[in-house]
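# Secondary and tertiary structure notes
Letter by letter, the chains look like this.
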Amino acid sequence: VIANLWPHRPRTEGVLLFHGLAEIPAYVRQGLKLQLHIAEVDKLVSPEQTNSWTAAAAQAGILIERFTYAHCGHFFTDSESPDYSAVASELAWTRALSFLAQL
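Now for a description of the structure that goes with this document. (Residues numbered from 1 in each chain as written. Predicted model: local features only at pLDDT ≥ 70, side-chain atom pairs only at ≥ 80, totals over all residues. Heavy atoms only, no water.)

### Structural notes on the packing of aromatic side chains
All told, the structure shown has 2 aromatic pairs when counted by the stated rule. Ring centres 4.6 Å apart and planes at 25° place the aromatic pair phenylalanine 18 and tryptophan 93 in the stacked group. Taken together, the residues phenylalanine 18 in strand 1 (residues 14–18) and tryptophan 93 in helix 3 (residues 86–102) connect sequence positions 75 residues apart. (Phe/Tyr/Trp six-rings, centres within 6.5 Å; stacked < 30°, edge-to-face > 60°. Helix = DSSP H or I, 4+ residues; strand = E, 2+ residues; numbered from the N terminus.)

### Considerations on the sheet that holds strand 1
Read across the open sheet, the 3 strands follow the order 1-2-3; overall the sheet is parallel. The open sheet is flanked by strand 1 and strand 3 (63–69), the only strands paired with a single partner. Put simply, the sheet's adjacent strands are angled 10° from each other on average, direction ignored. (Pairing = 2+ DSSP bridges. Axes fitted to C-alpha atoms, helices over the stretch in contact; angles between N-to-C directions.)

### With respect to the environment of leucine 103
Here leucine 103 is to be found in the segment after helix 3. A relative accessible area of 41% places leucine 103 in the partly exposed class. Apart from residues lying up to four places away in sequence, leucine 103 is in contact with Glu13, Gly14 and Lys33. (Buried < 20%, exposed > 50% of the residue type's maximum accessible area, 1.4 Å probe, protein only. Contact = heavy atoms within 4.5 Å.)

### Details of the side chain of threonine 50
Inspection of the secondary structure assignment puts threonine 50 in helix 2 (residues 47–59). Beyond its immediate sequence surroundings of up to four residues, threonine 50 is in contact with Leu21, Leu36, Ile38, Val45 and Arg66.

### Here we look at helix 2
In this model, helix 2 (13 residues) spans 18 Å end to end at C-alpha, consistent with the 18 Å of a helix rising 1.5 Å per residue. Buried within helix 2 we find Thr50, Trp53, Thr54 and Ala57. The arc that holds the buried residues of helix 2, viewed along the axis, is 100°, so those residues lie on one side. For helix 2, exposure combined with an orientation more than 90 degrees from the buried face picks out Glu48 and Gln59. For helix 2, the secondary structure elements touched by its buried residues are strand 1, strand 2 (33–39) and strand 3. Two residues or fewer past helix 2, glycine 61 is found with a positive phi of approximately 95°. (Expected span 1.5 Å × (residues − 1). Arc of directions from axis to C-beta.)

### Regarding the nonpolar core
Where a protein is soluble and globular, its nonpolar side chains tend to be buried together. Counting residues in hydrophobic clusters, the biggest one holds 13 residues, and the most contacted among them are Trp6, Val15, Leu17, Leu34, Leu36, Trp53 and Ile62. Secondary-structure elements contributing two or more residues to this core are strand 1, strand 2 and helix 2. If one sorts the elements of this core by residue count, strand 2 sits on top with 3 residues. Beyond its immediate stretch of four places on either side in the chain, valine 15 contacts Ile2, Trp6, Leu32, Lys33, Leu34, Gln35 and Phe99. (Core = buried A, V, L, I, M, F, W, Y, C linked by side-chain atoms within 4.5 Å.)

### Notes on helix 3
With 17 residues, helix 3 extends 24 Å between its outermost C-alpha atoms, agreeing within 8% with the 24 Å of an ideal straight helix rising 1.5 Å per residue. Those residues of helix 3 lying buried are Ala88, Ser89, Ala92, Ala96 and Phe99. Taken around the axis of helix 3, the buried residues stretch over an arc of 95°, which confines them to a single face. Opposite the packed face of helix 3, turned more than 90 degrees from it, sit the exposed residues Val87, Glu90, Leu97, Ala101 and Gln102. Against strand 1, strand 2 and strand 3 lie the buried residues of helix 3.

Laid out in structure tokens, this is it:
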């Protein structure tokens, strides 16, 4: 789980978050790149939570790319889940791989 690993990796180049949010560590390297991939309508993460978290991350100096995906649910990349969306999943993974290639 990223929340357990992230605080112990202060020199990480980037963070990918899929399907939810993670606690922001007390120390975050200024300019850390982060991509967030989340369903537009998610039973587990409200838009208010996402907006609040995004504001806190930006205030901590994190450079955020936030992507929301319509017409899917929380686990939109899991083909075994009823939340799955092939279109959203492919787009999210394409964006994530591009993000990783740029680090």
